[in-house]
Amino acid sequence: MDVLTNLLFLFLLLINYSLTQLVHRKFEYKYSFKPPYLAQKDGSVPFWEYGGNAIAGSENVRLAPSLKSQKGAIWTKQPLNFDWWEVDIAFRVTGRGRIGADGLAFWYTQNKGSYEGDVFGSSDRWVGLGVFFDSFDNDNKHNNPYVMAIVNDGQQNYDHQNDGSTQQLAGCLRDFRNKPFPTRARIEYYQNTLTVLFHSGMTNNDQDYELCLRAENVFLPKNGHFGLSAATGGLADDHDVIHFLAFSLQPPGQVQPNQVVGEEQQKLQQEYQEYQKKLELQKAEYRKEHPDEHKEDVEDWYESDNQRELRQIFSGQQQIYSLVRELSAKLDEVVGRQERTMSLINQHGGAVGKPAMGGQPGGGAAAPPSFTTGDVVNRHEIDALINSHNQMLGISNEIRQFVLELKQRADTIITNQARQPTAQVQSVGYDTQSLISEMRDGMNGVKVTLAQMATNKGGAGCPPQTSCVSVTAVLVVAAVQLGIILAYHIYRDSKDSHSKKFY
Ligand SMILES: [Ca+2]
Ligand SMILES: [Ca+2]
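Looking at an unreviewed UniProt entry, the chain carries the name L-type lectin-like domain-containing protein, with the source organism given as Callosobruchus maculatus.

Have a look at this one:
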């Protein structure tokens, strides 16, 4: 009987575990947008409404362009029909300024907000959640760009003076401007816990999300609207949202029965097919209107030397990044080992100390039995430590070599780029000029010698043994020499330019 009850208990535990683990996650296309064909031909985004200075294209939604004092927002048409959710936002905040303004906001609020409001382009005194990506440091505490969440009950005005720091639920300091890949935020609201994960945009790896904030006991209104907004001020960035993907989260056991799912699936499939037809029609129309477009596509297959080298540098940097990550993991391991060794040494010291003082080893000495011959074990541990240190040194040397190589390559690219537009023309011009001045000098030299010879001739005349060369002969020889030099230079230049062409 005991065995049976144990088994039953285990079974119940397993069921309980699986129930707490399996959250039903479903993509909600009516609350999402993504490229390609993000906006339709008439500029509308299906299931969404946008306004203010926002513009929707086929690849992204530009909430606010990089012009002064712009505001724009996009909101879902329908209120949500699920309680718990997760959204993934890919966005780019780019600008030529060292600092930018003002930032971008994600909203989940009871009602749709304004399209030209005072808080990052949307309404103040909102009811619900705002997650802000604040580029501009209004309170001058050098703590921007900053990501933060604020829950408002509709009674508070956003604290612009302090960058909302007095009202925030939680936040994190993260730079999201001018990144090589789109920056991303994953915001989850599940069973009154709000979690914001952030992806720095330094890689395009889907696994590189980091925790920005987590808050429990967050109560948001039901059936609210999703929204995104952005604003610029005196300084201006482009604020582009590339995709907004929404998922509903349902606790296990609350998933609708299969029949309903089947009906819904059929309906969705029908809708999908209709969309597909519409899309094909639009594509065909587009091809008819733009027959030349295809040629440009072919051009996209090629890349210039500089593009290729930049790409290589970038992949090199990614390698460095992963190496550094590996290194830091190894370092952690080493630190852990060191701490363990230290504690072992301490333990052993205590264990050795006690018998020496008291003469009685028994009692409650905590040292493990295998470490009673402490010296050997300690040395072994220290050897391991030294080995891993050496390994680490090796790896860091490798990285250093790699970085140096990379730097050299980057330098060559920069010098190449600096010279490229005018280099060839200039070098030829310079050579010819120097050649001409060389020739002029040579001619002057010849003239001076001739003059000297003439004066000498008047006085002493030619020595009897040596046959004197006539002036014309000297000139002819000099001209032939110059001709050969000139021909050689022209030949060399043409060879150079040929080799440059094939480089
Ligand atoms: Ca601010
Ligand atoms: Ca600030």
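Once you've had a look at it, read on.
**Q** Tell me about the overall build of the chain, and please be specific about residues and values.
**A** Along the chain, the regular secondary structure elements total six helices and 15 strands. Counting across all 503 residues of the chain, residues that qualify as buried make up 20%. In the chain, 66% of the contacts between residues at least 6 apart in sequence involve partners at least 24 apart.

**Q** Could you give me a rundown of the environment of E216, with the residues and numbers involved?
**A** Inspection of the secondary structure assignment puts E216 in the loop between β13 (209-215) and β14 (225-231). In this structure E216 comes out as exposed when scored by C-beta crowding, with 9 C-beta atoms within 10 Å. Residues E216 and Q191 lie 25 residues apart in sequence; the distance between their C-alpha atoms is 8.8 Å.

**Q** Residue-level account of unusual backbone geometry, with values.
**A** Residue D102 is reached from A101 by a cis peptide bond, and omega for that bond is -15°. Counting through the fold element by element, D102 comes out in the loop between β6 (84-94) and β7 (103-109). Looking along the chain, the bond that leaves N144 and enters P145 is cis, with omega of 0°. Tracing the chain through its elements places P145 in the loop between β8 (127-134) and β9 (146-153). We note that Y37 has phi near 55°; this positive angle belongs to a residue other than glycine.

**Q** Can you break down the sheet that holds β7 residue by residue, with the values?
**A** Strand order in the open sheet formed by seven strands is β2-β5-β14-β7-β8-β9-β10, and the pairing between neighbours is antiparallel. At either end of the open sheet lies a strand with only one pairing partner, and these are β2 (48-52) and β10 (170-173). For this sheet, the mean angle separating the axes of adjacent strands, direction not counted, is 15°. Sheet topology places β9 next to β10; four bridges connect them, and they run antiparallel. When the sheet's bridge partners are listed, M148 is paired in β10 with G171.

What counts as what
Residues numbered from 1 in each chain as written. Chains lettered and ligands numbered in written order. Predicted model: local features only at pLDDT ≥ 70, side-chain atom pairs only at ≥ 80, totals over all residues. Helix = DSSP H or I, 4+ residues; strand = E, 2+ residues; numbered from the N terminus. Buried ≥ 20, exposed ≤ 12 C-beta atoms within 10 Å, placed from the backbone. Contact = placed C-beta atoms within 7 Å. Pairing = 2+ DSSP bridges. Axes fitted to C-alpha atoms, helices over the stretch in contact; angles between N-to-C directions.

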